[in-house]
Amino acid sequence: MIKLFKITAFLEGVSLLALLFNMLVFKPYFFDIYKQLLFPIGMGHGILFVAYVFLLIYLKALDTINWKVFFISGIASLIPFGTFYIEKKYF
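The structure displayed is predicted, hence computed values, not measured ones.

**Observations regarding the pattern of salt bridges**
Point 1. According to the stated counting rule, one finds one salt bridge in the structure shown.
Point 2. Close ionic contact of D63 with K60 constitutes a salt bridge, the shortest N to O distance being 3.9 Å.

In structure tokens, the structure reads:
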């Protein structure tokens with residue numbers, strides 16, 4: 001289960017960075033591309049974020065992780081590059 005969480009954490013981090021890149025780079029310069037990419041990237045990120053949170057809760061329910069790692073991983077999911085840090089340091 002830890003391996004699945006690590007994969008989900010990595011993909012969630014990549015999807016957040018892709019969403020931010022789309023909003024910060026494509027929106028000001030390429031308005032047409034921005035509108036076409038917003039929904040698929042946003043939907044993928046949303047699904048991966050929910051999967052990340054559910055897996056985090058599931059790992060805590062199995063007592064695989066302690067409360068400190070649980071809360072730090074939850075907060076890190078909101079910060080760009082946070083999931084990469086969590087994956088390397090705690091898992």
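**Notes on the packing of aromatic side chains**
Any two aromatic rings considered together are summarised by their centre-to-centre distance and by the angle between their planes.
Point 1. This structure, assessed with the given rule, holds six aromatic pairs.
Point 2. Aromatic pair W67 and F70: ring centres 5.6 Å apart, planes at 90 degrees, arrangement edge-to-face. Placement of the pair is W67 and F70 together in helix α3 (residues 67-76), with a separation of three residues, close to one helical turn.
Point 3. Classification of F70 by relative accessible area gives buried; the value is 17%.
Point 4. Taken together, a centroid distance of 5.7 Å and an interplanar angle of 25 degrees make the contact between W67 and F71 stacked.

**Points about the packing of helix α1 (residues 2-29) against helix α4 (residues 82-90)**
Point 1. Packing of α1 against α4 leaves a shortest axis separation of 8 Å and a crossing angle of 160 degrees. The angle between α1 and α4 places the two elements in the roughly antiparallel class. Here the hand of the crossing between α1 and α4 comes out left-handed. Contacts between α1 and α4 involve K6, A9, F10, E12, G13, V14 and L17 from the first element and T83, F84 and E87 from the second.
Point 2. Here the residues of the contact of α1 with α4 are counted per class, giving five nonpolar, two polar and three charged.

Quick notes on the rules
- Each residue is numbered by its place in its chain's sequence as written, counting from 1.
- Since the coordinates come from a predicted model, pLDDT governs what is reported: local features require at least 70, and pairs of side-chain atoms require 80 or more to be given and counted, while whole-chain, interface and lining totals use all residues.
- Side-chain calculation: all heavy atoms of the structure are included, whereas hydrogens and water are not.
- Salt bridge criterion: a side-chain nitrogen from Lys or Arg within 4 Å of a carboxyl oxygen from Asp or Glu.
- Any two rings among Phe, Tyr and Trp, with Trp reduced to its six-membered ring, count as a pair given centres within 6.5 Å; such a pair is stacked if its planes are under 30 degrees apart, edge-to-face if over 60, and tilted if neither.
- Helix and strand definitions follow DSSP, with helices as H or I runs of at least four residues and strands as E runs of at least two, each counted in order from the N terminus.
- Relative accessibility decides the category of a residue: with a 1.4 Å probe and only protein chains considered, values under 20% of the type maximum give buried, values over 50% give exposed, and everything between is partly exposed.
- For helices, the fitted line uses only the C-alpha atoms of the stretch in contact; every axis is such a line through C-alpha atoms, and the angle between N-to-C directions lies from 0 to 180 degrees.
- For this classification, under 35 degrees means roughly parallel, over 145 means roughly antiparallel, 65 to 115 means roughly perpendicular, and everything else is oblique.
- The handedness criterion is simple: a crossing whose near helix is rotated anticlockwise from the far helix by less than a right angle is left-handed, and one whose near helix is rotated clockwise is right-handed.
- Contacts are residue-level and defined by heavy atoms, with any inter-residue pair within 4.5 Å sufficient.
- Asp, Glu, Lys and Arg are counted as charged, while Ala, Val, Leu, Ile, Met, Phe, Trp, Tyr, Cys and Pro are counted as nonpolar; the rest, among them Gly, fall into the polar class.

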